[in-house]
Amino acid sequence: MDATLIRTINRLQDAFSTVGVHNPVDLPQIVVIGSQSSGKSSVLENIVGRDFLPRGSGIVTRRPLVLQLINRAAAASTSDDDAKKDNENDKKEPEEWGEFLHQPGVKYTDFNLIREEIVRDTEAKTGKNAGISPLPINLRIYSPHVLTLTLVDLPGLTKLPVGDQPKDIEKQIRDMIVKYITKPNSIILAVTAANVDLANSDGLRLARDVDPEGARTIGVLTKVDLMDAGTDVVDILAGRVIPLRLGYVPVVNRGQRDIDTKKSINKSLEGERAFFENHAAYKSKAQYCGTPYLARKLNMILMHHIRNTLPEIKAKIQAALAKYVAELATLGDGMAEGAGQANIVLNIITEFCTEFRTIIDGNSTDLSSF
Ligand code: GDP
Ligand code: NA
Ligand code: MG
């Protein structure tokens, strides 16, 4: 049910963008920020459960990546005969695939090709040097193995320009990040490596500038496995260092060596679970540690956030509806091109409002149980 609500809202956003109206309603997004190489891409990949992001030690993420995860039910199991027929006809939908907004209709089932396309399109818009661009790459991943979430990956905060990067690269990246996290309905995933002092966390510092109460900031502590023996993040988790209302989640991603030896994400997740379950400092709270808990927490926070913004979203939709109805009326009988477009939008909004009301009415008990 929760996923249905979010999917409906994603659909609205989609529908609007096909007729050239972008972000009619300011929907919540989860924005991933932190220092370069803090582990942002690794966290995102673990949440998706697939390898698909370009990674490296330099500034690899050079444009915002708006990543929409869409949970779709696995294909219903059919009888052997049906399955055979499906195969013969070659009509079977892939189980998971990615699709870029700039290549509508092109389904990527090979996630290596997704990575290549991200690199290609990044270079096409920013050149091969270490330049950055605020122009986002929009990617959707459809899969039965993800929770329905929208995530934004951003270039990492960096101090010193490298190569022929502009002198003000730090400011450029900061401005780009601030633009995304200032939106009051963005949820900030502030990634910090556990083996650096939390007080020096660039991500947390920026998050605090725009969210001083810590009301929409989640702390993610990476590289917990790389901490010195005898040290742990228990004080941080308990809110005794820099408290965040939404708390911190410690994770263990693949290290560089795991990536070089192509350790699978599943193996990595198994290793992560074993790490927390067997570690003296974490084993009593292991269910609150690791990537699966982070993913569940994100979905819950997103639902809570949507519930809180429902009245505003509803008002905006009603205003948009009134505007399009008025526009349609002025077009009169000689409805030409423009009328067709307005009509599409009107239909979409009307359909959405009905669906929206049904979902909210049907699920008010579910939603209030947070
Ligand atoms: P980003 O620049 O913030 O996107 O960081 P990446 O995800 O690309 O990670 C940077 C480097 O840190 C890579 O070599 C990763 O393998 C490594 N890394 C990330 N998270 C962890 C972790 O939890 N444990 C270990 N050991 N290495 C990690
Ligand atoms: Na990196
Ligand atoms: Mg990255």
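Chains are numbered independently. Their residues run from 1 in the order of the written sequence. Going through the entries in the order they are written, you letter the chains from A and number the ligands from 1. Two thresholds apply to this predicted model, a pLDDT of at least 70 for residue-level local features and 80 or more for giving and counting side-chain atom pairs, whereas whole-chain, interface and lining totals are computed over all residues. The basis for every side-chain value is the complete set of heavy atoms in the structure, and neither hydrogens nor water enter the calculation.

Student: Honestly, the confidence of the model for the protein in this entry has me stumped. Any pointers?
Tutor: Fine structural detail should not be taken from predicted coordinates in areas where pLDDT scores are low. Looking at the protein as a whole, its pLDDT mean stands at 79, while 72% of the residues score no less than 70. Helix α3 (residues 80–89) is the least confidently modelled element of the protein, averaging 49 in pLDDT, while strand β8 (residues 248–250) averages 97, the highest of any element. On the interface metric, ipTM, the complex scores 0.98, and its pTM is 0.75. Per residue, pLDDT measures the predictor's confidence, with a range of 0 to 100. Secondary structure elements are taken from DSSP: a helix is a run of H or I of four residues or more, a strand is a run of E of two residues or more, and numbering for both begins at the N terminus.

Student: What is the right way to read the sheet that holds strand β1 (residues 29–34) from this model?
Tutor: Two strands in a sheet stick together by hydrogen bonds in their backbones, pointing the same way (parallel) or opposite ways (antiparallel). With mixed pairing, the 8 strands of this open sheet are ordered in space as β3-β4-β2-β5-β1-β6-β7-β8. The strands lining the two open edges of the sheet, one partner per strand, are β3 (97–100) and β8. Here the average twist between neighbouring strands, direction ignored, is 25 degrees. Criterion used throughout: strands pair if DSSP finds at least two bridges between them. Sheet topology places strand β2 (residues 65–71) next to strand β5 (residues 149–153); 5 bridges connect them, and they run antiparallel. Pairing of L69 across the sheet is with L149, part of β5. The sheet contacts of helix α4 (residues 111–126) involve β2, β3 and β4 (137–143), and relative to β4 the element is tilted by about 170 degrees. As a rule, the C-alpha atoms of each element are fitted with a line to give its axis, helices using only the stretch in contact, and angles between N-to-C directions run from 0 to 180 degrees. Throughout, a residue-residue contact means that at least one pair of heavy atoms, one from each residue, lies within 4.5 Å.

Student: What is the right way to look at the coordination of the magnesium ion (ligand 3) in this model?
Tutor: Tetrahedral coordination by four donors sets the ideal angle at the metal to 109.5 degrees; octahedral coordination by six donors sets it to 90 or 180 degrees. Shown as donors are all N, O and S atoms within 2.8 Å of a metal ion, widened to 3.2 Å for Na, K and Ca; because water is not in the atom set, sites may appear incomplete. Binding of the magnesium ion (ligand 3) to the protein goes through S41 (OG) and T61 (OG1), at separations of 2.2 to 2.8 Å. Separating the magnesium ion (ligand 3) from the sodium ion (ligand 2) is a gap of 4.4 Å. Of this pair, S41 sits in helix α2 (residues 40–48) while T61 sits in the loop between α2 and β2, and the two are 20 residues apart along the sequence. Taken as a pair, S41 and T61 share a single burial class, namely buried. With a 1.4 Å probe rolled over the protein chains alone, any residue whose accessible area is under 20% of its type maximum counts as buried; one over 50% counts as exposed, and the rest are partly exposed.

Student: Which parts of the structure should I look at to understand the packing of helix α5 (residues 169–182) against helix α6 (residues 202–210)?
Tutor: In a packed pair of helices, the relevant descriptors are the angle between the two axes and the axis-to-axis distance. Here α5 crosses α6 at 50 degrees, and the two axes come no closer than 10 Å. In terms of axis orientation, α5 runs oblique to α6. Of the two possible hands of crossing, α5 and α6 adopt the one that is right-handed. Contacts between α5 and α6 involve R174, I177, V178, I181 and T182 on the former and, on the latter, L206, A207 and V210. Looking at side-chain class alone, the contact of α5 with α6 contains 6 nonpolar, 1 polar and 1 charged residues. Here roughly perpendicular refers to angles of 65 to 115 degrees, roughly parallel to angles under 35, roughly antiparallel to angles over 145, and oblique to all remaining angles. With the far helix as reference, a near helix turned anticlockwise by less than a right angle produces a left-handed crossing, and one turned clockwise produces a right-handed crossing. All amino acids are sorted into three groups, where Ala, Val, Leu, Ile, Met, Phe, Trp, Tyr, Cys and Pro are nonpolar, Asp, Glu, Lys and Arg are charged, and the leftover types, Gly among them, are polar.

Student: Help me out: how do you make sense of the pairing of β2 in this one?
Tutor: In the case of a regular strand, side chains alternate between the two sheet surfaces. Judged by how many residues are buried, β2 sits mostly within the fold: 7 of 7 residues are covered. Judged from the 7 bridges that link them, β2 and β4 form a sheet pairing that is parallel. In the sheet register, L67 faces β4, and the bridge partner there is L139.

Student: Would you mind showing me how to read the site of ligand 1 here?
Tutor: Near, as used in this document, describes a residue that has one of its heavy atoms within 4 Å of the molecule or strand being considered. In the vicinity of ligand 1, 19 residues are found, and the nearest of them are S37, K40, S42, N253 and Q256. A 1.4 Å probe and the Shrake-Rupley method give the accessible areas. Residues count as covered only by the protein chains that appear here. Calculation on ligand 1 without its partners gives an accessible area of 580 Å², and the protein chains cover 91% of this total. Among the elements of the structure, α2 and α8 (256–260) are those that each provide at least two residues to the shell around ligand 1. No other element matches the 3 residues that α2 contributes to the shell around ligand 1. Split by residue class, the shell around ligand 1 holds 3 nonpolar, 11 polar and 5 charged.

Student: Whenever I open this one, the nonpolar core confuses me. Can you help?
Tutor: Nonpolar side chains tend to gather and get buried jointly when the protein is soluble and globular. Joining through side-chain atoms within 4.5 Å is the link that ties buried Ala, Val, Leu, Ile, Met, Phe, Trp, Tyr and Cys residues into a set, and such a set is a nonpolar core. Formed by 35 residues in total, the largest nonpolar core has its most connected members in I33, I177, L221, V224 and Y248. Elements represented by at least two residues in this core include exactly β1, α5, β6 (186–193) and α6. Setting aside residues no more than four positions away along its own chain, I177 makes contact with I33, L154, P155, L157 and L206. Membership of the second largest hydrophobic core comes to 33 residues, among which are F100, I114, V146 and Y293.

Student: Just checking my understanding: could you explain the packing of aromatic side chains for this structure?
Tutor: In this description, a pair of aromatic rings is defined by centroid distance and the angle of the planes. In this scheme Phe, Tyr and Trp rings, the latter by its six-membered ring, pair at centre separations within 6.5 Å, and the angle between planes marks the pair as stacked below 30 degrees, edge-to-face above 60, and tilted otherwise. Under the counting rule described, the total for this entry stands at 7 aromatic pairs. Pairing F52 with F111 gives two aromatic rings, centres 6.4 Å apart and planes at 85 degrees, and the pair type is edge-to-face. Here the residue F52 occupies a position in the loop between α2 and β2, and F111 occupies one in helix α4, the gap between them amounting to 59 residues. With respect to burial, F52 and F111 carry one shared label: buried. Relative to Y282, the ring of F275 has its centre 6.3 Å away and its plane inclined at 35 degrees; by these criteria the two rings are tilted. Clustering of aromatic rings is evident, with ring pairs tying together F275, F276 and Y282. Put simply, a charge is over a ring when the Lys NZ or the Arg CZ is close to the ring centre, within 6 Å, and near the line of the ring normal, within 35 degrees. The ring of F111 carries R50 above its face, with NZ or CZ at 3.8 Å from the centroid. Positioned over the ring face of W97 is K107, at 4.2 Å from the centre of the ring.

Student: Any chance you could explain the pattern of salt bridges here in plain terms?
Tutor: Should their charged atoms come close, side chains of opposite charge can pair. Criterion for a salt bridge: a side-chain nitrogen of Lys or Arg within 4 Å of a carboxyl oxygen of Asp or Glu. This model, assessed by the stated rule, comprises 12 salt bridges. Salt-bridge contacts for D121 lead to R120; the nearest nitrogen and oxygen are separated by 3.6 Å. Its relative accessible area of 4% is what places D121 among the buried residues. The salt bridge partner of D121 is K125, with a shortest N-O separation of 3.0 Å. Of the two residues, D121 and K125 both sit in helix α4, 4 residues apart, roughly one turn of that helix.

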